[in-house]
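Summary of structural features
Now for the letters of each chain:
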Amino acid sequence: MSAPTLLLLTRYGELGSSSRLRLMAYRPWLEQAGFRVTVSALFQDDELRARYANGRSSARSIMRVYQRRLRALMELGQIQLVWVEKELFPFLPGVLERWLTWAGVPYVVDYDDATFHRYDAHRSVLVRRLLGRRLVPLMRGAHLVTAGNAYLADYAQRAGAPDVSLVPTVLDVDQYALAAEPDAALLRVGWIGSPSTASYLRLVREPLQRLARERPVQLVVIGAEAIPSMDVPVEHHPWSASTESALLGSVHLGIMPLTDGPWEQGKCGYKLLQYLACGKPVITSPVGVNVEIATPAVGLLASNPDQWLAALRRLGADVLLRRRLGRAGRRRVEAQYSLQLQGPIVAARLAEAAGITPAPWSSPPAEMHL
């Protein structure tokens, strides 16, 4: 008997962190479970680069994207299970999200962002009225919804999803190395992210400016070329899987500023996990899952400019504190947010959704409560 085929309907290709981390990273465990895995991205890497560069997608690009997704859905005959990232057709009528139900193909849906708030919290009354509940049919028809945090899981449950698993965003700890601290004379503050999240840096502009009057400081930005004006020295680096760990190793601490709104409640704190995996202490806004990740054992919380300045001063001045928090953070990631731990569990849940018995694991999965 041939292996059952699992189709990953991702939002992006490898360049998109959510697709890479939430679905594609599990491919080795899915294949070990017995699946033959294929991937169909909504936005390919070149289209995502153009979107970042222009601030939006062109009408021609959007049409091409929808056509690609339509072709993938027209070829479901040999597919035993589909894993959908967020939605099928963004901003189109919700009736189209019933496609997989009509086709009779079992499917799983994954959320690591509050995608539903793009519609039910949209500034347009018309969008809210027409599309506010467009993802509810997709969730209700799923065999399983995998959610990155409790906020997302709660929405899926209230929407009527029959089975919801809490699956935190995790990382491959083997890809992140502990590095010696750089020279402490210049405090290097790290931030990693995409252009879509760079606007949050406005929240730390004033604290960094005030700190720069007291000591040399540099903001190290990885992944976003265009950021708000910071009025402090900024070192820019494009994101690359091959350089990410080394660049994070070159900073003293990592930051994740956020506003406190419904969209931010859906975020899964991946930036924090990356800093901690490299042994770097963190400072973050106390929003959503960040409070669970950035405990006092691994970092500091800051709600306003004065608190941000105090946290930056404290970590900047105390090398022993940075070292203690950073090492504890690495241990936290290894113990709770490791792909090596989560991979077998996720693969087993998808095998269950497909109605198959997974092949024996080469190493037993760790016990984790979802």
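Residues numbered from 1 in each chain as written. Predicted model: local features only at pLDDT ≥ 70, side-chain atom pairs only at ≥ 80, totals over all residues. Heavy atoms only, no water.

Quick word on helix H15 (residues 305-317)
- A rise of 1.5 Å per residue sets the reference length of H15, with its 13 residues, at 18 Å; its end C-alpha atoms lie 18 Å apart and thus fit the reference within 8%.
- Those residues of H15 that fall on the buried side of the exposure criterion are Trp-308, Leu-309, Ala-311, Leu-312, Leu-315 and Gly-316. Within H15, the buried residues cover an arc of 165° as seen down the axis, which keeps them to one side.
- Packing partners of the buried residues in H15 comprise strand E7 (187-192), helix H10 (205-212), strand E10 (253-256), strand E11 (282-284), strand E12 (299-301) and helix H16 (319-336).
- Two or three places before Asp-306, at the opening of H15, Asn-304 has a side-chain oxygen 3.1 Å from that residue's backbone nitrogen. (Helix = DSSP H or I, 4+ residues; strand = E, 2+ residues; numbered from the N terminus. Expected span 1.5 Å × (residues − 1). Buried < 20%, exposed > 50% of the residue type's maximum accessible area, 1.4 Å probe, protein only. Arc of directions from axis to C-beta. Contact = heavy atoms within 4.5 Å. Polar contact = N/O pair within 3.5 Å; in protein donor to acceptor, adjacent residues only side chain to side chain.)

Considering helix H17 (residues 339-354)
- An ideal rise of 1.5 Å per residue puts 22 Å on 16 residues; H17 measures up with 22 Å between its terminal C-alpha atoms.
- Most of H17 sits inside the fold, with 12 of its 16 residues counted as buried.
- Leu-339, Leu-341, Gln-342, Gly-343, Pro-344, Ile-345, Val-346, Ala-347, Arg-349, Leu-350, Ala-351 and Ala-353 are the residues of H17 that are buried.
- In the stretch just after H17, Gly-355 is the one whose phi turns positive, near 75°.

As for the pairing of strand E4 (residues 107-111)
- For E4, a buried count of 5 out of 5 residues is recorded, marking the element as mostly surrounded by other parts of the structure.
- The sheet contact formed by strand E3 (residues 81-85) and E4 spans 4 bridges and is parallel. Opposite Trp-83, over in E4, you have Val-108 as the bridge partner.
- As paired elements, E4 and strand E5 (residues 144-147) share 4 bridges and run parallel to each other. Its bridge partner lying in E5, Asp-110 is registered against Thr-146. (Pairing = 2+ DSSP bridges.)

Thoughts on the sheet that holds E7
- Sheet architecture is open: 6 strands sit in the order E9-E8-E7-E10-E11-E12, paired in parallel fashion. Since the sheet does not close on itself, it has two edges, and those belong to strand E9 (234-237) and E12, each with one partner. Neighbour-to-neighbour, the strand axes of the sheet open up by a mean angle of 25°, direction not taken into account.
- Pairing of E7 with strand E8 (residues 217-222), which is carried by 6 bridges, proceeds in the parallel orientation. (Axes fitted to C-alpha atoms, helices over the stretch in contact; angles between N-to-C directions.)

Digging into the environment of Pro-344
- On the secondary structure map, Pro-344 appears in helix H17.
- For the pair Pro-344 and Glu-75, spaced 269 residues apart in the sequence, the C-alpha separation amounts to 28 Å.

Thoughts on the sheet that holds strand E6 (residues 164-166)
- Spatial ordering of the open sheet is given by E2-E1-E3-E4-E5-E6, a layout of 6 strands whose pairing is parallel. Only two strands of the sheet have a single neighbouring strand rather than two, namely strand E2 (36-43) and E6. The sheet shows a mean angle of 20° between the axes of neighbouring strands, direction not considered.
- Inspection of the sheet shows strand E1 (residues 5-12) paired to E2 by 7 bridges, in the parallel sense. Each residue of the ladder has a partner; that of Leu-6, found in E2, is Val-37.
- Along the sheet face, helix H4 (residues 59-73) touches E1 and E2 and points at about 155° away from the line of E2.
- H17 rests against E1, E3, E4, E5 and E6 of the sheet, and its axis sits at about 125° to E3.

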